[in-house]
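Fold and geometry: a report
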Amino acid sequence: MAQNEKEKALDLAKKAVEADTNSAPARIALSYAEQANFNLEEALNNLKEAVKLEPENALAWARLAELQLSFGRLNEALEAAQKAVAIEPNLSRTQTVLGFAYLTKVKTKDSKEAFEKAIALDQADPLPRLGLGLAKIRESDLREGRRDLEVALSLDPNNALVRSYLGKAYFEEKKDNLAADQFNTAKDFDPLDPTPFFYDAIHKQTTNRPVEALHDLQKAIELNDNRAVYRSKLLLDSDLAARSASLGRIYSDLGFQQLALIEGWKSVNADPSDFSGHRFLSDSYSVLPRHEIARVSELLQSQLLQPINITPIQPRLEESDLFLISAGGPAAVSFNEFNPLFYRNRIALQTSGIVGENGTWGGEGVVSGIYKKFSFSAGYTHFETDGWRKNADQDDDIANIFLQFELSPKTSIQAEYRYRDLERGDPQLRFFPEDVFFGQTNTEEWDTYRLGVRHSFSPSSVILGSLIYTDAEFGVRDEEPVVAPGVVTLLDIKNPQDAVSGEVQHLYRSRYVNLTSGAGYVDSDGIIDITTVLNPIIVPLPDNKTQVRVDGDVKHANVYAYSNIKPLDNLTFTVGASGDFTDADSPDIGNKSQFNPKLGIVWSPFPDTTVRAAAFRVLKRILITDQTLEPTQVAGFNQFFDDFNGTEAWRYGGAIDQKFARDISGGVELSKRDLETPWLDQFGNSSEVDWEESLIRAYLFWTPHAWLALKAEYQYERVEREEELTDGVKEMDTHRVPLGINFFHPCGLSASVTTTYYNQDGEFERIIGGGGVFQTGKDDFWLVDAAINYRLPKRYGFITIGARNLFDEEFKYYDLDWENPSIQPERFFFARLTLALP
């Protein structure tokens, strides 16, 4: 073993066991040989046999504790380590293993005592120095902890692992040059270890070198399975998921949105119980139209799965990712993986502000912190704008408090309160610019309370629970209604709601199958008050005010099960189903039961080729705060769009993603949605209308230089709707061709320019008199968006100055996302500042 002749060592160890099956030393030797050959299960089994043969063998118990940590079995590891120390307390090795066992359970006081005893027994051993340093860092004594890591390195200068964690300690102290030196040296000493490549990628990403970071992280993912000597297959999958999520964030920095999404899906599919993949998908969905349900649902899942951490709850304004990037990495500790221990006791502040034309301004402050096994996040954000036209104004206030407490490494509880007060006019971007509801005001006011729990029965079995209560009121007031002009002078709709939802989900992981199953129930009590005021001159009536009250109570239950079956390393099948059961007083939703099959496949026939396909059915059900624990995607195809409640939809899709070279990637995706949308006619009769949506998307991304990222994309979208219910468009074809270049300089300065060609034609509803008529329309145009960004030194934040629709292009365009139009009908200059302290 000392000469790294692993096969010969394995052969000799097996012969030793054959010569004497009752020899504990032979079993211990065999465990080392099996571990070196990546057979952790056999190594563990031999150690279990060794302690049976010699129950008083302290080294055998210490070795058993190490291997239990490799499987994430923290309780079993601690028991074995305590047994080793009880047998032989004066061995440095037993005290060291006990220290790491305590450390993985964040019992830092006990771990420091064990490490200090180990150091007193053997001052030349670097391992207890490493452990002592990590324990001090976890207690927020970063300076003293880093000094112990330096001592550990002086005792073993060739230890790449110690150098990696010393580099991370320097990174936490914002000593970037020292961190880079340690990462580079660690790579030289052990070029097969992914750890220094991963941490160096984070370092480079935060110093405005995303292309170099991309290369390092790709290397870390390539080397991930080399840690099979220290980590079980399940933990390796978790590591891969964390690295994929971090890779996705780098792709986002480069402007490669499609690649970022692919990595997010890979992360979630590799390990559905890893919070980082869900959090990254949530952030990515924020820039996609009609993905609000998917965004906030992924955020909820990430919150329930996350360990205590310093990361603030997702801000309402532009996401800075400063703490998310720094906190990236494997979330499960083991004897040779200590990344979570850098979540040290501290308080952090993140604040951002934006100003722009049309009276646009916003501000946000979020304070978050960790103390031992408790973490919190509290923040407030305000955003307002007059909009690009009359009555396109918005005024939005959000407050949030989030608390989390780890009862043990297996169990975590959390509570959250959220308040929102939103008022907006009519911001929808319709094809005919004069079609505006100038007298309309839309309001929302929410109070939301949430309780959550996570419990891990084992590293492969996790259960989540979520309970949400909301007290909300929605309103629409139109003082210039177009219905019966001159007759109706006021339309006022109020919709108060009280709702409660409960969900439970179980996540099971194994080498070949991941199973996600769960159930939920929603009970929403609401009424709809409709007030109409008539013109007394035109319609002389004794009472010109009419009021109608409609019951809006809805009860909904759902169950689901999704399995990701992996018969081969390059092939994953998704097979699942869900059931929805609705009981609603509202005639447009009614009573409905629906079975939803789910099928998907992800296949990599070649190392650089990924083929995806999916077919599934979904029911747009009522959701409290638009959130659900049910998986939001199948093989990378989103399930939950912002459709009308009660909409039944089938989605079919296929895609090929190809990496042509280290710096060139491309792909194409096709999908179709067949929808049956509920509709009420003027007599109150309910029926369904057929809608169809088709999407073709292609992309080509290239990083020709360490400072440059180029992108070319094409997107075609077709919409067809029956005339009884169109929501403004009967049929429409839209072509988009974004062409972009991003520039990054290591000094912190970056710039981006994206020019996009749009071509849209179709039949659009035009508001004339008291109703609407359909007219054909067509327009094509180019829009240019540009921005200059400066990354402040030592990761303190960003300054951005930019412009949307730089050349003030006039155009006609219908945006399907009526709440958040993706393009600006007139030039918009803005400046944004984001700060993160400390």
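Let me begin by describing the structure that accompanies this report. On a predicted model such as this, the values are computed, not experimentally measured, just so you know.

Contact geometry for helix 2 (residues 24-36) and helix 3 (residues 40-53): axes closest at 8 Å, N-to-C directions at 165 degrees. Comparing the axis directions of helix 2 and helix 3 gives the class roughly antiparallel. As for how helix 2 packs across helix 3, the hand of that crossing is left-handed. Taken together, the residues of helix 3 that come into contact with helix 2 (itself represented by A24, R27, I28, L30, S31, E34 and Q35) are L40, E42, A43, N46, L47, E49, A50 and L53. Across the contact of helix 2 with helix 3, the residue classes tally to eight nonpolar, three polar and four charged.

Now for the pairing of strand 8 (residues 488-509). A regular strand places its side chains on the two faces of the sheet in alternate fashion. Two strands pair when backbone bridges link them, and strand 7 (residues 461-478) and strand 8 are joined in this way by 18 bridges, in the antiparallel orientation. When the sheet's bridge partners are listed, R477 is paired in strand 8 with D492. As defined by bridge partners, strand 8 adjoins strand 9 (residues 513-534) across 19 bridges and the pair is classed as antiparallel. Residue H506 lies in a different strand from strand 9, and its bridge partner there is S517. Between strand 8 and strand 9, which follow one another and run antiparallel, lie three residues.

Looking now at the packing of helix 4 (residues 58-70) against helix 5 (residues 74-87). Their axes nearest at 8 Å, the elements helix 4 and helix 5 cross at an angle of 165 degrees. Judged on the interaxial angle alone, helix 5 and helix 4 are roughly antiparallel. Relative to helix 5, the crossing made by helix 4 is left-handed. Contacts between helix 4 and helix 5 involve A58, W61, A62, L64, A65, Q68 and L69 from the former and L74, E76, A77, A80, A81, K83, A84 and I87 from the latter. Residues that form the contact of helix 4 with helix 5 fall into these classes: 12 nonpolar, one polar and two charged.

Bringing helix 10 (residues 160-172) into the picture now. Here helix 10 is 13 residues long and its end C-alpha atoms lie 18 Å apart, about the 18 Å a rise of 1.5 Å per residue gives. Burial runs high along helix 10: 13 of the 13 residues are buried. For helix 10, the capping residue at the N-terminal end is N159, with a side-chain oxygen 3.0 Å from the backbone nitrogen of L161. Two residues or fewer past helix 10, K174 is found with a positive phi of approximately 65 degrees.

On inspection of all chains with the given rule, the structure shows 48 salt bridges. Between D148 and K136 there is a salt bridge, with the nearest N and O atoms lying 2.8 Å from each other. In this pair, D148 is assigned in helix 9 (residues 142-155) and K136 in helix 8 (residues 126-138), connecting sequence segments 12 residues apart. Taken together, the shared-partner salt bridges connect R290, D643, R673, E693, E717 and R736 into one network.

A word on helix 2. Taking 1.5 Å of rise per residue, 13 residues should cover 18 Å, and helix 2 covers 19 Å from first to last C-alpha, within 8% of that figure. With respect to burial, helix 2 is a largely interior element, 10 of its 13 residues being buried. All of the buried residues in helix 2 are A24, A26, R27, I28, L30, S31, A33, E34, Q35 and A36. The residue sitting at the N-terminus of helix 2 and contributing the capping side-chain oxygen is S23; that oxygen lies 3.2 Å from the backbone nitrogen of A26. Looking one or two residues beyond helix 2, the residue adopting positive phi is F38, at roughly 65 degrees.

Thresholds applied
- Residues numbered from 1 in each chain as written.
- Predicted model: local features only at pLDDT ≥ 70, side-chain atom pairs only at ≥ 80, totals over all residues.
- Heavy atoms only, no water.
- Axes fitted to C-alpha atoms, helices over the stretch in contact; angles between N-to-C directions.
- Helix = DSSP H or I, 4+ residues; strand = E, 2+ residues; numbered from the N terminus.
- Parallel < 35°, antiparallel > 145°, perpendicular 65-115°, else oblique.
- Left-handed = near helix turned anticlockwise from the far one by under 90°.
- Contact = heavy atoms within 4.5 Å.
- Nonpolar A, V, L, I, M, F, W, Y, C, P; charged D, E, K, R; others polar.
- Pairing = 2+ DSSP bridges.
- Expected span 1.5 Å × (residues − 1).
- Buried < 20%, exposed > 50% of the residue type's maximum accessible area, 1.4 Å probe, protein only.
- Polar contact = N/O pair within 3.5 Å; in protein donor to acceptor, adjacent residues only side chain to side chain.
- Salt bridge = Lys/Arg side-chain N within 4 Å of Asp/Glu carboxyl O.

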